[in-house]
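# Architecture at a glance
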Amino acid sequence: VQQSLLPTKDSLVNATKQHHPTWNPLLPQTTSQSVASYTEQMQVQQDLQQQVDQYRIPQTQQPKNMLAAGPPGVGKTHCMSLSVCYSLSTGLCIMTTAVLAERAFLLGGKHLHLLFKLKVWNRKSPHRLAELALIALEKNPEFLALLRHLNILYIDECGQICAKKLAVFDITLQKIQDSNLFMG
């Protein structure tokens, strides 16, 4: 088992679900970080890694979601970034996104509204907005294919998403992935 801060670029590019390197993320403790903070961050990282491992088990029937919540500056995005690398190293198709466009860009992903081809929010119901998103996605086969084959969607700052928008994303992904589980 390779234990290092990051996997090699080649191992990420060449990883498949069947053939992938065995890599465990190494989360270093910063000089200003307390032992309690580091221990908590390690637990979050281990939980994220276990969720990815559990997702890879085809027989798992429960929803495969995890939410890391906490105040600003505690390392949620850092843990998510390591989890993204871990997911890629296992050959999964993943995408990072955020409600804020600049944040999504910094994470190497697409803005949440761009990814789902959503127009300006209005007074329509979540089901109608999801239907409009699906129509727009049909006109953009590359985005539709990405969402159809997506294994894990990492959403940074998900606390910024209102319930109505979350319902639209949920309905849209359920339809695209032909699954009645939350977020498809």
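Above: the structure in question.
Throughout what follows, the structure given in this document is the object of discussion. Everything numeric in this text was worked out from a predicted model, so none of it was measured.

## Topic: helix 8 (residues 163–176)
An ideal rise of 1.5 Å per residue puts 20 Å on 14 residues; helix 8 measures up with 20 Å between its terminal C-alpha atoms. Within the span of helix 8, buried status applies to Lys165, Val168, Phe169, Asp170, Ile171, Thr172, Leu173 and Ile176. Packed against the buried residues of helix 8 are helix 5 (112–115), helix 6 (126–138), helix 7 (141–149) and strand 5 (152–156). Of the residues trailing helix 8, Asp178 is marked for its positive phi of about 50°.

## Quick notes on the pattern of salt bridges
Any two side chains of opposite charge can pair, given that their charged atoms come close. Taken as a whole and judged by the stated rule, the model has three salt bridges. Arg103 is the salt-bridge partner of Asp156, the closest N and O atoms lying 2.4 Å from each other. Remark: Arg103 occurs in helix 4 (residues 101–106) and Asp156 occurs in strand 5; sequence separation between them is 53 residues. For Asp156, a relative accessible area of 5% translates into the label buried. Judged by its relative accessible area of 28%, Arg103 is partly exposed. Among the salt bridges present, the one from Glu131 reaches Arg128, with a minimum N-O distance of 3.2 Å. Here Arg128 and Glu131 lie together in helix 6, a separation of three residues that amounts to about one turn. Residue classification places Glu131 among the partly exposed residues on the basis of a relative accessible area of 41%. Arg128 sits in the partly exposed class, given a relative accessible area of 33%. One connected set of salt bridges, linked through shared partners, spans Arg103, Asp156 and Glu157.

Quick notes on the rules
Residues numbered from 1 in each chain as written. Predicted model: local features only at pLDDT ≥ 70, side-chain atom pairs only at ≥ 80, totals over all residues. Heavy atoms only, no water. Helix = DSSP H or I, 4+ residues; strand = E, 2+ residues; numbered from the N terminus. Expected span 1.5 Å × (residues − 1). Buried < 20%, exposed > 50% of the residue type's maximum accessible area, 1.4 Å probe, protein only. Contact = heavy atoms within 4.5 Å. Salt bridge = Lys/Arg side-chain N within 4 Å of Asp/Glu carboxyl O.

In short, geometric facts, not functional conclusions.
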